[in-house]
4 protein chains.
Amino acid sequence: MESGRLEAFSDGVFAVAITLLALNLAIGGPGPHQPTLAAKLADHWPAFAAYTVSFATVGIIWVNHHALFRNISEIDRTLLFVNLLLLFFVVSIPFATATIAAYLRAGTGDASLAAALYLGVLEGMSICFTLMFWWAIRHDHLKAALSARDARQATIRFGLGSLIYIAGIGIAFVSAPASLALVGLVAVYYIFEQTPVRPQASREQGGPGTAAGASPIRSGPDDNSGQGQG
Amino acid sequence: MESGRLEAFSDGVFAVAITLLALNLAIGGPGPHQPTLAAKLADHWPAFAAYTVSFATVGIIWVNHHALFRNISEIDRTLLFVNLLLLFFVVSIPFATATIAAYLRAGTGDASLAAALYLGVLEGMSICFTLMFWWAIRHDHLKAALSARDARQATIRFGLGSLIYIAGIGIAFVSAPASLALVGLVAVYYIFEQTPVRPQASREQGGPGTAAGASPIRSGPDDNSGQGQG
Amino acid sequence: MESGRLEAFSDGVFAVAITLLALNLAIGGPGPHQPTLAAKLADHWPAFAAYTVSFATVGIIWVNHHALFRNISEIDRTLLFVNLLLLFFVVSIPFATATIAAYLRAGTGDASLAAALYLGVLEGMSICFTLMFWWAIRHDHLKAALSARDARQATIRFGLGSLIYIAGIGIAFVSAPASLALVGLVAVYYIFEQTPVRPQASREQGGPGTAAGASPIRSGPDDNSGQGQG
Amino acid sequence: MESGRLEAFSDGVFAVAITLLALNLAIGGPGPHQPTLAAKLADHWPAFAAYTVSFATVGIIWVNHHALFRNISEIDRTLLFVNLLLLFFVVSIPFATATIAAYLRAGTGDASLAAALYLGVLEGMSICFTLMFWWAIRHDHLKAALSARDARQATIRFGLGSLIYIAGIGIAFVSAPASLALVGLVAVYYIFEQTPVRPQASREQGGPGTAAGASPIRSGPDDNSGQGQG
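(A) Main features of the overall build of chain A. Tallying secondary structure elements over chain A gives seven helices and zero strands in all. What you see in chain A, going N to C, is helices and strands ordered as α-α-α-α-α-α-α. Expressed as a percentage of the 230 residues in chain A, the buried residues total 51%. At a minimum sequence separation of 6, the contacts of chain A that also span at least 24 residues come to 76%.

This is how it looks when you write it as structure tokens:
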């Protein structure tokens, strides 16, 4: 299967999952003995917090997924099915988000379990990512081979999420809100720290400008120093 | 990341969000002590009004999003994440629509808050749009550079929405239905007034006809006067 | 806007709308005083009937939409916004389907109103289709010009749906189930009767085989007689 | 209609359907007389089991659908509408999944009927697959003709699912959980056993590497023995 096909399907799943996240924001309509809308919205803060964190997380999964597959030349059966497993966890994120939102202020045991479930789903997603990256390096599926140093760095960065999410499962049993905040911090980290998976310059942009385009996502017009292997 | 990839994912989110809007139209089934369907539908008018206004708004976001990105040659990290923030607001529109529909006829405070929330989500979306446009001009990411006059005009047109939505938040505290109507008027304005982001003629339609195709969306076969920079 | 972009977004909306149709099939879980599942499923027949008819209808809209836009060389602003209006009706179909399913066996007035609403949404969709086709012919946006006879025939076929749906609104006030059945018959008609919008052979399939590929959807390997204008 | 267009629409439907599966996982929020979250999750196991089995099944339908259409050179009207019928069953899977999950532990009659309904939907999907494959072979729509032996083998593999699902309908009336487990086993079988529909090497990957790329999905870098007809 060519990479574009797999990405298109995965993107469809990301787009639906990220949009379904908002279904959980729904608050009931007005009624005779209901609190004011302001009170309801304030009371609903765990839903908004969980929505924001999950949206950022799925958004970053999408960005990193694209960065990874852009540099993969061929999808073998293993990558295909590990990717399906990744999507399995992505599709579970709206459920896990709704659960942590509903139970964040419940009795300690329930809140911790809900948070652990949420972190567990993200851990599963993260492990799939690390697996796919590791498999692609090992079986020589990358378009632009990484140097040993770059490969190590990329593995660390991909793997970092997995380690933090595991730590987060532990933290969930101390404080559920803290573990949710941790997921938000991971998202912020990945927004500012790009994975060093550098594909070849895309063919459409061939010509003098391609060297600058070698990074999957450029941080700016001037950051292409040291990216000369494209 | 190439522009097509980002657009495809964004379009997926737009398509899901615009379709989820209709979930809020659902009315309960018939029952022993229920009013007639006609009475229910009539009573349900805020849902239909909010649905129509939001549909038009998301539709126009889609059109303008495409017009903007068609003229962007390269997606840097800033554009990528501001676009994710834009999608965050787009994904929130079904929730904001459902809330304004449910509270439009509630007590004044609740109706105004619901309308302010709705306008606030659109304001956030609009600011992201203006930001992306301004960033693309400043950092020279446009395929076809705009003249100073065109850039000023385009900034005004993109920025106009932001200003009106801010005004609408104020209006929401006077009359919630008026602020909803205002959003409808903005949609009508954007239907008839295209943003002057003019990309180069697409390669597929190369040849004698390209000059006429220089505008992202042509108003008609004869309106290509003064569009000679493509 | 190029045709492919508009089609991709429209296809996204079609795909989401057609899948959301099935949400309305949901039946409650088992309970102490509940009828058996068999009884529930039997009692739920209007939902299954409406789902089947709406699925076929949206499926055919998709097929015809593709056949129409494949032969359109350029999307002007009018086509763009009439297409958005078409999507507005498409997105409303799951709501209209749920309503006719819920009220099909309600008191005569309610059932008729629900059916008229359903037919009305399809009528709106159908009028948008006819409008787009008529606009494309009038403003010379077709890749392969139709002969006067073919244009007349195509207009009749596109317009036929509109006429039948209007008739169906009348029938709805006599018998709601009959009007639902009529929509099913229209779907069956369009399955077996293709619209004569014949685009040029696509470039990818160029070569000796293209003449046979001139029809948007071939009925079979031997039906390419009289299609020599491609 | 070209194959890519049909695949893109089908993929959209697959992506939405696979993501909607998770809506059924939702568990209620905490409350005064509610069991703990752990008890609720444990009690909810049929939903998780059905979700997992259905996710794997839809994922595999997607993989096989792509493998089939990648080798089909031309979509005729029959393939188009049998594919729509396939999508009809795919769209029904979330409903059938929710029903089997809700009734798996209900009284024997209800559980068996729910399981038979679930298997029946999969049977319908499977028959559409076999039909499309058989039609493509018979009417010579394959890009790379299969040898008689390969065609026989592929028919058996595609048809195997149909036979097992039919058997599963019978098993449903003995044990509903056993029939759900059977569907899971079929999914595992298709993960490890690829259908021998071998398209020509895609043009983008032309060159010395294409012979190895002749299989739609490679099991690994070394399994390209005996695939020389590409």
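On we go from here.
(B) Structural detail: the interface of chain D and chain A. Listed per partner, the contact involves 33 residues of chain D and 31 residues of chain A. Those elements that place two or more of their residues in the side of chain D that touches chain A are helix H1 (3-20), helix H2 (37-43) and helix H3 (45-70) of chain D. Ranked by residue count, the leading element in the side of chain D that touches chain A is H1 of chain D, at seven residues. Looking at the side of chain D that touches chain A, its residues break down into 19 nonpolar, eleven polar and three charged.

(C) Local environment of the interface of chain C and chain D. With 33 residues of chain C at the contact, the number on the chain D side is 31 residues. For the side of chain C that touches chain D, the secondary-structure elements that each account for two or more residues are helix H1 (3-20), helix H2 (37-43) and helix H3 (45-70) of chain C. A breakdown of the residues in the side of chain C that touches chain D according to their chemical character gives 19 nonpolar, eleven polar and three charged.

(D) Structural context of the relation of the copies chain D and chain A. Once turned by 90 degrees and shifted 0.0 Å along the axis, chain D lies on chain A with an RMSD of 0.0 Å. Taken together, these values place the two copies in the relation of a four-fold axis. Interface overlap between copies is the fraction of interface residues in one copy that are interface residues in the other; for chain D against chain A it is only 6%, indicating separate surfaces.

(E) Quick look at the packing of helix H5 (residues 108-138) of chain D against helix H7 (residues 176-192) of chain D. All names here are of chain D. Running from N to C, H5 and H7 cross one another at 20 degrees; their axes reach a closest spacing of 8 Å. Classified by the angle between their axes, H5 and H7 sit roughly parallel to one another. Considering the relative orientation of H5 and H7, their crossing is left-handed. For the pair H5 and H7, contact is made by Ala111, Ser112, Ala114, Ala115, Leu119 and Leu122 and by Ala176, Ser179, Leu180 and Val183, respectively. Split by residue class, the contact of H5 with H7 holds eight nonpolar, two polar and no charged.

(F) Geometry of helix H6 (residues 148-172) of chain A. All names here are of chain A. Counted at 1.5 Å a residue, the expected span for H6 with its 25 residues is 36 Å, and the 36 Å between its end C-alpha atoms agrees. Of all the bends in H6, the largest measures some 30 degrees and sits at Gly159. All of the buried residues along H6 are Ala154, Phe158, Gly161, Tyr165, Gly168, Ile171 and Ala172. On its buried face, H6 is in contact with helix H5 (108-138) and helix H7 (176-192).

(G) Highlighting helix H1 (residues 3-20) of chain B. Here H1 of chain B contains 18 residues, and its C-alpha end-to-end distance of 26 Å stays within 8% of the 26 Å for a straight helix at 1.5 Å per residue. In terms of burial, H1 of chain B is largely enclosed, as 14 of its 18 residues are buried.

(H) Structural view of the nonpolar core. Counting residues in each nonpolar core, the largest one holds 305 residues, and the members touching the most others are Val90 of chain A, Val90 of chain B, Val90 of chain C together with Val90 of chain D. Setting aside its immediate chain neighbours within four residues, Val90 of chain A contacts Val13, Phe14, Ala17, Val58, Ile61 and Met125 of chain A.

(I) Geometry of the packing of helix H6 (residues 148-172) of chain B against helix H7 (residues 176-192) of chain B. Residues and elements named next belong to chain B. H7 packs onto H6 with a crossing angle of 165 degrees between their chain directions and a minimal axis gap of 8 Å. Relative to H7, H6 is oriented roughly antiparallel. The two elements H6 and H7 cross, and the hand of that crossing is right-handed. Between H6 and H7, the residues in contact are Gly161, Ile164, Gly168, Ile171 and Ala172 and Ala176, Ala178, Ser179, Leu182, Val183 and Val186, respectively.

(J) Quick peek at the environment of Phe9 of chain B. In this fold, Phe9 of chain B is placed in helix H1. Along the chain, Phe9 of chain B and Leu87 of chain B lie 78 residues apart, while their C-alpha atoms are 9.9 Å from each other. Phe9 of chain B has contacts with Asp11, Phe14, Ala15 and Trp62 of chain A, leaving out every residue within four places of it along the chain.

(K) Here's a closer look at the relation of the copies chain C and chain D. Overlaying chain C with chain D gives an RMSD of 0.0 Å, the required rotation being 90 degrees about an axis along which the chain moves by 0.0 Å. Of the interface residues in chain C, just 6% have counterparts in chain D that sit at the interface too, so the contact is made through distinct surfaces.

(L) Broad picture of the environment of Ile72 of chain C. Here Ile72 of chain C is to be found in the loop between H3 and helix H4 (77-103). The spatial distance from the C-alpha of Ile72 of chain C to the C-alpha of Leu142 of chain C is 4.5 Å, given a sequence separation of 70 residues.

(M) Broad picture of the confidence of the model for chain A. All names here are of chain A. Across chain A, the average pLDDT comes to 81, with 83% of residues at or above 70. The least confident element of chain A is H6, whose mean pLDDT is 86; the most confident is helix H4 (residues 77-103), at 95. Confidence drops under pLDDT 50 across residues 196-230; counting only partners more than four residues distant or on other chains, this segment forms 64 contacts. Both scores are available for the predicted complex, with the pTM at 0.85 and the ipTM at 0.82.

(N) Region of the structure containing the environment of Gly107 of chain C. On the secondary structure map, Gly107 of chain C appears in the loop between H4 and helix H5 (108-138). Sequence separation between Gly107 of chain C and Ile72 of chain C is 35 residues, and the spatial gap between their C-alpha atoms is 46 Å.

Cut-offs and rules
- Residues numbered from 1 in each chain as written.
- Chains lettered and ligands numbered in written order.
- Predicted model: local features only at pLDDT ≥ 70, side-chain atom pairs only at ≥ 80, totals over all residues.
- Helix = DSSP H or I, 4+ residues; strand = E, 2+ residues; numbered from the N terminus.
- Buried ≥ 20, exposed ≤ 12 C-beta atoms within 10 Å, placed from the backbone.
- Contact = placed C-beta atoms within 7 Å.
- Nonpolar A, V, L, I, M, F, W, Y, C, P; charged D, E, K, R; others polar.
- Least-squares fit on C-alpha atoms with pLDDT ≥ 70 in both.
- Axes fitted to C-alpha atoms, helices over the stretch in contact; angles between N-to-C directions.
- Parallel < 35°, antiparallel > 145°, perpendicular 65-115°, else oblique.
- Left-handed = near helix turned anticlockwise from the far one by under 90°.
- Expected span 1.5 Å × (residues − 1).
- Bend = angle between axes of the 7 residues up to and from the residue.
- Core = buried A, V, L, I, M, F, W, Y, C linked by C-beta atoms within 7 Å.
- pLDDT = per-residue confidence, 0-100.

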